[in-house]
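# Geometric and topological summary
Listed below, chain by chain, are the residues.
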Amino acid sequence: MLKHLIIGMLCIAALYMFIPSLITRFIGLRVIRKGTLKKQVALTFDDGPHPYYTPKLLDILQQYQVKATFFVLGSQAEQYPELIRRIDQDGHQIGIHNYCHTSNWLMLPSTIRREHLDRSADIIESITGIRPCYYRPPWGLINLFDFLRYKEYRIALWSLMGGDWSSRYCQTQLKSKLLDGITDGSVVLLHDSGETMGADRHAPYYMLQALDEVLCQLQPKNLHFIRLDQMS
């Protein structure tokens, strides 16, 4: 009896958590992972806005005339509305990354919808007047209901993960990884905050240094750095 119960629970877990995440991560079904046109690249930044690092990031993007997509936490948007306004006024796209950085595997679908997606969308809309419609679940972990239900939110993952949650990695490998990995249609995942679980609080400082050098070196390639909603 216990054995059957355990098997049943594992099957439910696989259906609810593992299978949808595997399908989206490796097959890309019903999510955005990569563009199709040459010379297009989408830089995306998760976990912000951060009062120190986000303004510096916006300055760098402005310097190189780059547009990007920010997947913000609703709680951070609520705390720093002036940064949300600046992101919007600088011409960047704003998406949702839940109200707080909690995995969708650990919550009921109704909780995700009410307390994270709709709540965060309401906050962002109240600041910018624009309701976000792009969504990146924390860690890219998707459950069955994310996969099937959210018609008004388009789920966006990535094709190139920077790994920039570590200060050491940012200092030694991030620059080369971005220069080697960015190609036609890349959707690049970076972070403008190091405050979430498993991240190094100082890593964004070094990420910004690497990003500045990468954008400088990529200028001769005439890449178009665009928002996700502009990517084909």
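My aim in this report is to walk through the structure given alongside it, one point at a time. (Residues numbered from 1 in each chain as written. Predicted model: local features only at pLDDT ≥ 70, side-chain atom pairs only at ≥ 80, totals over all residues. Heavy atoms only, no water.)

### Quick word on the nonpolar core
Here is the rule we go by: Put simply, buried Ala, Val, Leu, Ile, Met, Phe, Trp, Tyr and Cys residues joined by side-chain atoms within 4.5 Å make one nonpolar core. Note on exposure labels: buried denotes an accessible area under 20% of the residue type's maximum, exposed denotes more than 50%, and partly exposed covers the range between, all computed with a 1.4 Å probe on protein chains only. Strands are runs of DSSP state E lasting at least two residues, helices are runs of H or I lasting at least four, and both sets are numbered from the N terminus onward. Throughout, a residue-residue contact means that at least one pair of heavy atoms, one from each residue, lies within 4.5 Å.
Membership of the largest hydrophobic core comes to 62 residues, with the highest contact counts inside it found for Leu 43, Phe 45, Leu 61, Phe 70, Ile 182, Leu 215 and Leu 228. Considering every element that reaches this core, the biggest residue donor is helix H8 (residues 203–218), with 8 residues. Ignoring sequence-local partners within four residues, the contact set of Leu 228 consists of Ile 32, Ala 42, Thr 44, Thr 69, Phe 71, Gln 93, Tyr 134, Ala 156 and Val 187.

### Concerning the side chain of His 92
Following the sequence through the fold, His 92 ends up in the loop between helix H4 (81–89) and strand E3 (93–96). His 92 gets classed as buried once you look at its relative accessible area, which sits at 3%. Not counting residues up to four positions away in its chain, the partners in contact with His 92 are Leu 58, Leu 61, Val 66, Lys 67, Ala 68, Phe 70, Ile 87 and Arg 227.

### Looking at H8
Definition in use: What a helix is expected to span follows from its residue count: subtract one and scale by 1.5 Å.
For H8, spanning 16 residues, the distance from its first C-alpha to its last is 22 Å, which sits close to the expected 22 Å at 1.5 Å a residue. Buried within H8 we find Ala 203, Pro 204, Met 207, Leu 208, Ala 210, Leu 211, Val 214, Leu 215 and Leu 218. Turning to H8, the residues buried within the fold contact strand E1 (40–46), helix H2 (53–63), helix H7 (167–181), strand E7 (187–191) and strand E8 (224–225).

### Considerations on the packing of aromatic side chains
To keep it simple, the criterion reads: When two rings of Phe, Tyr or Trp (its six-membered ring) have centres within 6.5 Å they constitute a pair, described as stacked for plane angles under 30 degrees, edge-to-face for angles over 60, and tilted for the intermediate range.
The final tally for this structure, using the stated rule, is 3 aromatic pairs. With a centroid separation of 5.0 Å and an interplanar angle of 80°, the aromatic rings of Tyr 52 and Tyr 53 are classed as edge-to-face. What makes Tyr 52 partly exposed here is its relative accessible area of 44%. Between Tyr 205 and Tyr 206, the aromatic rings sit 5.0 Å apart at their centres with planes inclined by 90°, giving edge-to-face as the arrangement.

### A closer look at the packing of H2 against H8
This is how it is decided: Axes here refer to lines fitted to C-alpha atoms; in helices the fit is confined to the stretch in contact. Angles between the N-to-C directions go from 0 to 180 degrees. Any angle from 65 to 115 degrees is called roughly perpendicular, while one under 35 is roughly parallel, one over 145 is roughly antiparallel, and all others are oblique.
Running from N to C, H2 and H8 point in directions that differ by 0°, and their axes come no closer than 11 Å. Classed by the angle they form, the pair H2 and H8 counts as roughly parallel. Packed against H2, whose contacting residues are Tyr 53, Lys 56, Leu 57, Ile 60, Leu 61 and Gln 63, the element H8 presents Pro 204, Tyr 205, Leu 208, Leu 211, Asp 212 and Leu 215 at the interface.

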